[in-house]
Amino acid sequence: MATLVLFTSSAATSSQVLPALSLVDHLVRVLPASADAAADAPEADLWLLDAQQNLVAAKTLCKILAQTAPCPLLVIVGPEALVALGPDWGFADFLLTTVGPSELQARLLLQLASGEAETKVVTASGIEIDEGTYAARLHGRTLDLTYTEFELLKFLARHPGRVFSRQQLVSDVWGYDYFGGTRTVDVHVRRLRAKLGPEHEGIIETVRNVGYRLVATAPN
């Protein structure tokens, strides 16, 4: 099951925006159609943009999202608007509102496979995360991390300089179905800092009364 983020300016549910979504086994999170919402978007495998309301505004937003999307971006349009689409929009694929569940699933799986085929390397503050091989390095030194430590470091490295509350980290790293407390975040941060070593443990900064962030530049 993949995680999809749907950006829409409509108050409709995801199944109302694209009926076939209710017939495929994927988690869909709905966010406002705006660049600000994209900046705060949770981790996802695919982004969907509802372009049914205003094609001109949708095209502008699509270009912005395409430049910042950490995953493939698909545009949803009605059949009558298909002629307005072009390569200058920047999306990976489009979906007609009339698409059936079988075609929708096939298109989503193709995009997911395409994304997985690419070598994904995240770098920030001297940290290098290779998602394909699950390897993490700090200034070339390999870090021996557990699965959860790797996922936590990867998440922070994807958003250098941005502060996350403990609850946000639990939701995005451990998942919404995790029933443990936020105390586990403190435990894993402490372990990560120990593995980064005394010279670099400050890369993961505590923001008092808020949470944690990965500093944009490693401290001297």
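Now for a look at the structure at hand. (Residues numbered from 1 in each chain as written. Predicted model: local features only at pLDDT ≥ 70, side-chain atom pairs only at ≥ 80, totals over all residues. Heavy atoms only, no water.)

1. Side note on the nonpolar core
- Ile 129, Leu 152, Leu 153, Leu 169, Ile 204 and Leu 214 are the most contacted members of the largest nonpolar core, which has 28 residues in total.
- Secondary-structure elements contributing two or more residues to this core are strand S6 (121–124), strand S7 (127–130), strand S8 (135–138), helix H5 (147–158), helix H6 (166–174), helix H7 (183–196) and strand S12 (211–214).
- With sequence-adjacent residues up to four places away left out, Leu 214 is seen in contact with Ala 124, Ser 125, Ile 127, Leu 153, Leu 156, Ala 157, Pro 160, Gly 161, Ile 203 and Ile 204.
- If you look at the next biggest cluster of nonpolar residues, it comprises 22 residues, including Val 5, Ala 37, Ala 58 and Leu 85. (Core = buried A, V, L, I, M, F, W, Y, C linked by side-chain atoms within 4.5 Å. Buried < 20%, exposed > 50% of the residue type's maximum accessible area, 1.4 Å probe, protein only. Helix = DSSP H or I, 4+ residues; strand = E, 2+ residues; numbered from the N terminus. Contact = heavy atoms within 4.5 Å.)

2. A short note on the packing of aromatic side chains
- One pass over the full model with this rule turns up five aromatic pairs.
- When the centroid spacing of 4.5 Å and the interplanar angle of 35 degrees are considered together, the rings of Tyr 134 and Phe 150 count as tilted. Residue Tyr 134 is found in the loop between S7 and S8, and its partner Phe 150 is found in helix H5; the two are separated by 16 residues along the sequence.
- Here the aromatic residues Tyr 134, Tyr 147 and Phe 150 are joined through ring pairs into a cluster of three or more. (Phe/Tyr/Trp six-rings, centres within 6.5 Å; stacked < 30°, edge-to-face > 60°.)

3. So, the sheet that holds strand S1 (residues 3–8)
- Overall, parallel pairing links the five strands, which are arranged S2-S1-S3-S4-S5 in an open sheet. With one partner strand each, in any of the chains shown, strand S2 (27–32) and strand S5 (93–96) form the two edges of the open sheet. Averaged over all pairs of adjacent strands, the angle between strand axes in this sheet comes to 25 degrees, irrespective of strand direction.
- Bridging between strand S3 (residues 46–50) and strand S4 (residues 73–77) involves four bridges; their strand directions are parallel. Bridge pairing in S4 places Asp 50 opposite Ile 76.
- Helix H3 (residues 55–68) contacts S1, S3 and S4 of the sheet and is inclined by roughly 165 degrees relative to S3. (Pairing = 2+ DSSP bridges. Axes fitted to C-alpha atoms, helices over the stretch in contact; angles between N-to-C directions.)

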